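These are the residues of each chain, in order.
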Amino acid sequence: MTSNVQPEWDDLWINVHLATLVSGEGYGEIRNGAIATKNGRIVWLGKQSELLEKVQVKRQHDGQGCWLTPGLIDCHTHIVYAGNRSNEFEARLNGVPYEEIARQGGGIVSTVHATRKATETELFEASLPRVQALLNEGVTTLEIKSGYGLDTETEAKMLSVARRIGMQCPVRVKTTFLGAHAVPPEFKGRTDDYINLVAHDMLDALVAEGLVDAVDAFCEGIGFTREQTERVFRAAKQHNLPVKLHAEQLSDQDGSALVAQYQGLSADHLEYLSEQGIHAMAKSGTVAVLLPGAFYYLRETRLPPMDKLREHGVPIALATDCNPGTSPLTSLLLTMNMACTLFRMTPLEALTGVTRTAAQALGLHQETGTLQIGHSADFALWRIDRPGDLAYAIGFNPRVATVFKGQII
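Since we're looking at a predicted model, the values are computed, not measured.

Conventions used here
- Residues numbered from 1 in each chain as written.
- Predicted model: local features only at pLDDT ≥ 70, side-chain atom pairs only at ≥ 80, totals over all residues.
- Heavy atoms only, no water.
- Pairing = 2+ DSSP bridges.
- Helix = DSSP H or I, 4+ residues; strand = E, 2+ residues; numbered from the N terminus.
- Buried < 20%, exposed > 50% of the residue type's maximum accessible area, 1.4 Å probe, protein only.
- Contact = heavy atoms within 4.5 Å.
- Salt bridge = Lys/Arg side-chain N within 4 Å of Asp/Glu carboxyl O.
- Phe/Tyr/Trp six-rings, centres within 6.5 Å; stacked < 30°, edge-to-face > 60°.
- Axes fitted to C-alpha atoms, helices over the stretch in contact; angles between N-to-C directions.
- Left-handed = near helix turned anticlockwise from the far one by under 90°.
- Nonpolar A, V, L, I, M, F, W, Y, C, P; charged D, E, K, R; others polar.

## Here we look at the pairing of strand β14 (residues 399-404)
Point 1. Two strands pair when backbone bridges link them, and strand β13 (residues 379-382) and β14 are joined in this way by four bridges, in the antiparallel orientation. By the bridge assignment, leucine 381 is partnered in β14 with alanine 401.
Point 2. Pairing between β14 and strand β15 (residues 407-408): two bridges, direction antiparallel. Residue pairing for β15: valine 403 is matched across the bridge by isoleucine 408.
Point 3. Hairpin connection of β14 to β15: two residues between the antiparallel strands, including lysine 405 at a positive phi of 50 degrees.

Take a look at the structure:
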């Protein structure tokens with residue numbers, strides 16, 4: 001190689017339109033563009049006409065006029081679980097009250113029972129089709145929570161499966177310990193004792209095994225109090241782990257202000273979010289993760305305070321909340337459409353919410369979520385006319401290809 005020849009790139013994609021989603025107005029569009037990668041990183045992007053003639057490239061790909069966006073990010077899922085609760089869905093629609101379903105052993109207890117019973121291999125194999133559905137839509141980063149074990153052994157099993165998904169599938173996985181998801185049957189009437197177990201024995205053991213990237217809790221009238229949640233947060237901080245929270249889904253427990261106080265990554269759901277909570281989140285930079293799948297599935301009528309979130313500059317992300325009870329959803333494209341139709345978000349807000357802001361909600365905004373030099377080469381190619389099309393169609397997947405860490409998958 002002579003001195004006047006540019007360094008060699010691994011891959012160069014030409015004849016594409018780029019939606020970079022970098023901070024600023026609009027989609028960050030670069031029409032008639034190109035993007036180059038080396039060692040799994042983006043090393044160049046811009047107008048194709050600006051490409052240097054003497055660049056050496058191992059592989060060149062013709063994008064055939066497709067749009068290229070950052071790889072999608074699902075930043076809130078409970079995708080690892082065993083069992084099925086479609087019978088409960090049918091029962092509710094036939095008029096059986098949820099309380100009666102719970103008395104018959106349904107609800108989260110049924111998922112806990114099935115997940116505890118499943119082997120790690122069975123749990124992995126049951127989760128793979130759900131993961132694959134997301135990968136088929138251009139997802140390159142996925143958060144996976146525990147919370148259907150509610151004992152140390154099963155929580156470890158769930159998080160081990162999440163780690164295995166990240167190792168065996170072409171997707172980046174961030175794990176979240178959600179031991180404070182519900183009170184297990186054996187601790188009925190002893191919630192404080194269970195929180196002590198979560199905050200000490202369980203968390204200590206799971207951290208020692210290297211299974212935890214973040215800690216979550218369900219702060220709600222039917223979940224855990226603000227005080228109990230804070231005990232979990234204090235334990236997480238002792239391990240230098242970031243926190244996030246299921247907050248203000250069914251009532252205002254002031255959980256969003258609590259997670260903001262602990263500089264949390266995100267507060268999620270937020271239908272009953274107060275202006276006080278919004279101020280706290282805006283000050284701390286905590287991301288609002290909205291979950292339209294659960295809103296739809298539960299037939300909720302109270303909308304998240306969208307105008308106030310925008311007014312105070314709270315970053316807004318979207319996720320599927322994939323879980324067996326309240327959001328059995330494995331489509332981020334449908335999530336984007338739901339956010340637009342149900343929450344009145346714009347297509348730009350929706351796409352930003354599953355890329356740049358979703359990365360922020362996982363603490364990964366320096367690694368992925370936008371197309372810029374130095375970031376991981378995670379992107380998806382779409383046969384669409386404009387980026388807004390991704391939030392437009394219902395039940396249609398225009399993905400042509402996905403690239404994860406520079407590799408076509």
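## Description of the environment of lysine 308
Point 1. You can see lysine 308 is positioned in helix α11 (residues 306-311).
Point 2. Classification of lysine 308 by relative accessible area gives partly exposed; the value is 31%.
Point 3. For the pair lysine 308 and glutamate 88, spaced 220 residues apart in the sequence, the C-alpha separation amounts to 36 Å.
Point 4. Those residues within four positions of lysine 308 in sequence are excluded, and the remaining contacts are Glu275 and Ile278.

## As for the pattern of salt bridges
Two side chains that carry opposite charge are able to pair once their charged atoms sit near each other.
Point 1. The tally for this structure, following the rule as stated, stands at 20 salt bridges.
Point 2. With a shortest N-O distance of 3.0 Å, aspartate 213 and arginine 163 are connected by a salt bridge. Of this pair, aspartate 213 sits in the loop between α6 (191-208) and β8 (214-219) while arginine 163 is found in helix α5 (residues 152-168), placing the two residues 50 residues apart along the sequence.
Point 3. What you see here is one network of salt bridges that share partners, running through Arg41, Arg172, Glu367 and Asp378.

## Some points on the packing of aromatic side chains
Point 1. Summed over all chains, the structure comprises eight aromatic pairs.
Point 2. Judged by centre distance (6.2 Å) and plane angle (90 degrees), the rings of tryptophan 13 and phenylalanine 379 are edge-to-face. One end of the pair, tryptophan 13, is in strand β1 (residues 9-19); the other, phenylalanine 379, is in strand β13, with 366 residues separating them in the sequence. The residues tryptophan 13 and phenylalanine 379 share a single accessibility class, namely buried.
Point 3. In this structure an aromatic cluster arises from ring pairing among Phe187, Tyr194 and Phe224.

## Side note on the packing of α5 against α6
Point 1. At a minimum axis separation of 10 Å, α5 and α6 run at an interaxial angle of 35 degrees. Seen along the crossing, α5 lies across α6 with a hand that is right-handed. Of α6, the residues touching α5 (which contributes Thr152, Glu155, Ala156 and Leu159) are Met202, Ala205 and Leu206.
Point 2. Within the contact of α5 with α6, the residues separate by chemical class into five nonpolar, one polar and one charged.

## Points about the pairing of strand β2 (residues 29-38)
Point 1. Pairing of β1 with β2, which is carried by six bridges, proceeds in the antiparallel orientation. Looking at β2, one finds that valine 16 is bridged to glycine 33.
Point 2. With six bridges connecting them, β2 and strand β3 (residues 41-47) associate as antiparallel partners. Looking at the pairing, alanine 36 lines up with tryptophan 44 of β3.
Point 3. Here β2 folds back onto β3 in antiparallel fashion, the turn holding two residues, of which asparagine 39 has a positive phi close to 55 degrees.

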